[in-house]
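Summary of the model geometry
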Amino acid sequence: MNNKEYLIQILLKLRSIGIKNDKVLRAIEKTPPHFYINLLNPSKGVKKINIDEVLEIAKLLQSSLKDSYKNENILLLGFKSGWLLLLLTNFCKRVYGICTSITHKKELGEFFLNNNYKNIYLCQGESILSWHKVAPFDLIFIFEKNDFPFADIVGQLSNKGHGIIPSVSENNKISMIRIDKESFKSYQNCNCNLLINSDLI
């Protein structure tokens, strides 16, 4: 199966599970996951993409993005390959990422710069407050287990903003929840473990 056939398969699968948002579909078609990964790591050969990861990322985008609202700033923590960072550039003016290490920041930063992606900004840090000077954010995504106070997340949200974050229940089950400026929490219908462990994100 060539790259184009694989993209068609992905798009058909997305539509079959209810991904109807044309902006999300166009963003994925513009930079397919397999194209991105092979561009990021050309020396490692063709890497097999876990299509379930693609589906969960698309579901998360469709449920998080508001068609009538133009996002200014979006913040991500807990990403690895950075495909989601690139997808989000289609939906906002600026994407801010918190990298896990200096090496991670350097590798992704050089890749984005060399490929002319100019509205992605990276720093290295472990705190959700690493980019607090450019807050507020219309969206905050966290893809790692953490013990950040809700106040640190809510305090960085714009008035209409919300965060999508992992939450651990009393029986140690991890779920993705949505939290807004009023600290209202709602559970999201997504595979939290798959998102947290996704190399594609």
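Preceding this paragraph is the structure being described.
This section reports on the structure supplied with the text.

Calculation criteria
Residues numbered from 1 in each chain as written. Predicted model: local features only at pLDDT ≥ 70, side-chain atom pairs only at ≥ 80, totals over all residues. Heavy atoms only, no water. Helix = DSSP H or I, 4+ residues; strand = E, 2+ residues; numbered from the N terminus. Buried < 20%, exposed > 50% of the residue type's maximum accessible area, 1.4 Å probe, protein only. Contact = heavy atoms within 4.5 Å. Core = buried A, V, L, I, M, F, W, Y, C linked by side-chain atoms within 4.5 Å. Phe/Tyr/Trp six-rings, centres within 6.5 Å; stacked < 30°, edge-to-face > 60°.

**Some remarks on the side chain of Ser81**
Tracing the chain through its elements places Ser81 in the loop between β1 (71-77) and α5 (83-88). In this structure Ser81 comes out as buried when scored by relative accessible area, which is 14%. Once residues lying within four places of it in the same chain are set aside, the contact partners of Ser81 are Tyr36, Ile37, Leu40, Leu108, Asp199, Leu200 and Ile201.

**Quick look at the nonpolar core**
If you look at the biggest cluster of nonpolar residues, it comprises 51 residues, and the most contacted ones within it are Leu14, Tyr36, Leu76, Phe141 and Phe143. Excluding anything up to four places from it in sequence, Leu14 contacts Ile19, Leu25, Ile28, Val54, Leu55 and Ala58. By size, the runner-up hydrophobic cluster in this structure holds 17 residues, among which are Leu75, Phe137, Ile165 and Ile177.

**Some remarks on the packing of aromatic side chains**
Tallying each qualifying case throughout the model produces eight aromatic pairs. Here the aromatic rings of Phe111 and Tyr117 are separated by 6.5 Å at their centres, their planes lie at 45°, and the arrangement is tilted. Using a relative accessible area of 7% as the deciding quantity, one classes Phe111 as buried. A residue is classified by how much of its surface remains accessible, and Tyr117, at 24% relative accessible area, is partly exposed.

The quantities given are spatial measurements derived from coordinates; they are silent on function.
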